[in-house]
Amino acid sequence: GYESALALADLGADVVLLCRSLERGEAAAEQIREQTGNARVSVEELDISRLASVQSAAARLGEGTVDVLIHNAGALPDERIETEDGLELTLATHVVGPHLLTRLLRPALEQSSDARVIWVSSGGMYTRRLNVRDPNWEEREYDGVVAYAETKRAQVVLAELWAEDLRGTSVVVNSMHPGWADTPSVETSLPNFYRLTRHVLRTAAEGADTVVWLAASPRASQWTRCFFFDRAIRRTCLLPFTRESDEERSQLWKMCEETSAASSTSDGEQ
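Before going into details, it helps to say that this report is about the structure given with it. Note that the structure is predicted; figures quoted are calculated from it, not measured.

## Examining the overall build of the protein
On a plain count of helices and strands, the protein comes out with 9 helices and 7 strands. Contacts in the protein between residues at least 24 apart in sequence constitute 74% of all its contacts with a sequence separation of at least 6. Of the roughly 13300 Å² of accessible surface on the protein, 48% is carried by carbon and sulfur atoms.

Printed below as a string of structure tokens:
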């Protein structure tokens, strides 16, 4: 996320960092401003796992035009954590929160003549099928790595569904995976994997390269509903059993829409 913001600021973009911690966000923004000489780097407080926070941030962000929306927030907890909205944290962070933010910012995106929405998934999604039977981990013994992979699979499917919903507008929607990069989250969340692979991991900047390309390249605007790795379109399923049905795709969209609608109703009643 930091490297994507840094690169886009270096290209001259107006960059808004969406951060849970204003203190950490402001520190990152100041570093980016110093490194790039671009003063147009700001911070908005947003906890994407909290739907009320998403609504609050979207109300501020949606006042103008949004050209690029990058869904990059990530979580990989060791145990099941339930948010104030009754959602498992990984599902809220990777799927429901980003879906609601996209929904709320759709008018601002459509004001742009060349808008892009980018979902940062993971190669780990290749190992799992879309799970719509128990996405909230209420019936299964919790496994953080599996939850992560399932929600990263859901992001790829949701990106395709959003691309279909926005077809005919100025907004293109794609997903990508950055490869395995040497980041603090990999080191802390997957310590055994990190110890075995740290000498061959990509840098964070290398992982961010396709994100920046999808956000800024004129050529990238010609594609929508695609999944990218290293600036090239890739298959979303390598194994037959990981391919979801049309019904499962519809159930994912319905779940996200119903959860978003419920949060809006609850917020209005308060």
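## Some words on the side chain of serine 122
By secondary structure assignment, the location of serine 122 is in the loop between β4 (115–120) and α5 (144–165). A distance of 3.0 Å separates a polar side-chain atom of serine 122 from the backbone nitrogen of glycine 124. Beyond its immediate stretch of four places on either side in the chain, serine 122 contacts Tyr148, Lys152, Met176 and His177.

## What about the packing of aromatic side chains?
Summed over all chains, the structure comprises 6 aromatic pairs. Ring geometry for tryptophan 213 against tryptophan 223: centres 6.0 Å apart, planes inclined by 40 degrees, an arrangement best described as tilted. Residue tryptophan 213 is found in helix α8 (residues 204–216), and its partner tryptophan 223 is found in the loop between α8 and β6 (227–229); the two are separated by 10 residues along the sequence. Ring geometry for tryptophan 223 against phenylalanine 228: centres 5.8 Å apart, planes inclined by 65 degrees, an arrangement best described as edge-to-face. Assessed through its relative accessible area of 0%, phenylalanine 228 is described here as buried. Taken together, the aromatic side chains of Trp213, Trp223 and Phe228 make up a single cluster linked through ring pairs. When the ring centre of tryptophan 137 is taken as origin, the NZ or CZ atom of arginine 140, which lies over that ring, is 3.5 Å away.

## Remarks on the side chain of serine 49
On the secondary structure map, serine 49 appears in the loop between β2 (41–45) and α3 (51–61). The exposure class of serine 49 is buried, given its relative accessible area of 6%. In terms of polar contacts, serine 49 uses its side chain to reach the side chain of aspartate 47, at 2.7 Å. When sequence neighbours within four positions are dropped, the list of residues in contact with serine 49 reads Thr83, Asp85, Leu89, Ala92 and Thr93.

## Focus: a nonpolar patch on the surface
A surface patch of nonpolar side chains, about 300 Å² in accessible area, is lined by Leu238, Leu239 and Phe241. With respect to the helices and strands, leucine 238 occurs in the loop between β7 (232–233) and α9 (246–269). Assessed through its relative accessible area of 48%, leucine 238 is described here as partly exposed.

## A word on the packing of helix α4 (residues 89–110) against α5
Their axes nearest at 8 Å, the elements α4 and α5 cross at an angle of 15 degrees. The orientation of α4 with respect to α5, classified from their angle, is roughly parallel. Once α4 is placed against α5, the crossing between them reads as right-handed. Judged by residue contacts, Thr90, Leu91, His94, Val95, His99, Thr102, Arg103 and Arg106 of α4 engage Ala147, Tyr148, Thr151, Lys152, Ala154, Gln155, Leu158, Trp162 and Asp165 from α5. Residue composition of the contact of α4 with α5, by class: 7 nonpolar, 6 polar and 4 charged.

## Considerations on empty space enclosed by the protein
Once rolled over the atoms, a probe with the size of a water molecule shows which space is left empty. Per the stated rule, a full pass over the model turns up 2 cavities of 30 Å³ or more. The volume enclosed by the largest cavity comes to roughly 80 Å³. Lining the largest cavity we find Leu91, Leu130, Asn131, Pro135, Trp137, Ala147, Glu150, Thr151, Ala154, Leu252 and Met255. Counting residues per element, the lining of the largest cavity draws most heavily on α5, at 4 residues. For the second largest cavity, the full set of lining residues is Arg116, Val117, Ile118, Val172, Asn174, Leu214 and Ala220. Of all elements in the fold, only β4 and β5 (171–176) reach the threshold of two or more residues within the lining of the second largest cavity. Ranked by the residues each element gives to the lining of the second largest cavity, the list is headed by β4, at 3 residues. Classifying every residue of the lining of the second largest cavity gives 5 nonpolar, 1 polar and 1 charged.

## Quick notes on the sheet that holds β4
One open sheet holds the 5 strands; their spatial order is β3-β4-β5-β6-β7, and the pairing between them is mixed. Whereas interior strands pair on both sides, the edge strands pair on one side only; in this sheet they are β3 (68–71) and β7. Two elements, β6 and β7, share 2 bridges in a ladder whose sense is antiparallel. Each residue of the ladder has a partner; that of phenylalanine 229, found in β7, is alanine 232. Lying over the sheet, α8 contacts β3, β4, β5 and β6, oriented at roughly 160 degrees with respect to β4.

Definitions and cut-offs
- Residues numbered from 1 in each chain as written.
- Predicted model: local features only at pLDDT ≥ 70, side-chain atom pairs only at ≥ 80, totals over all residues.
- Heavy atoms only, no water.
- Helix = DSSP H or I, 4+ residues; strand = E, 2+ residues; numbered from the N terminus.
- Contact = heavy atoms within 4.5 Å.
- Areas by Shrake-Rupley, 256 points an atom, 1.4 Å probe, with all protein chains shown as cover.
- Polar contact = N/O pair within 3.5 Å; in protein donor to acceptor, adjacent residues only side chain to side chain.
- Phe/Tyr/Trp six-rings, centres within 6.5 Å; stacked < 30°, edge-to-face > 60°.
- Buried < 20%, exposed > 50% of the residue type's maximum accessible area, 1.4 Å probe, protein only.
- Lys NZ or Arg CZ within 6 Å of the ring centre and 35° of its normal.
- Patch = residues over 30% accessible without salt bridge, like charges linked within 9 Å, V, L, I, M, F, W, Y side chains within 5 Å.
- Salt bridge = Lys/Arg side-chain N within 4 Å of Asp/Glu carboxyl O.
- Axes fitted to C-alpha atoms, helices over the stretch in contact; angles between N-to-C directions.
- Parallel < 35°, antiparallel > 145°, perpendicular 65-115°, else oblique.
- Left-handed = near helix turned anticlockwise from the far one by under 90°.
- Nonpolar A, V, L, I, M, F, W, Y, C, P; charged D, E, K, R; others polar.
- 1 Å grid on protein atoms, 1.4 Å probe; cavity = no way out; pocket = protein on both sides within 12 Å on 5 of 7 lines; lining within 4 Å.
- Points joined across faces, edges and corners; volume = space filled by probe spheres on them.
- Pairing = 2+ DSSP bridges.

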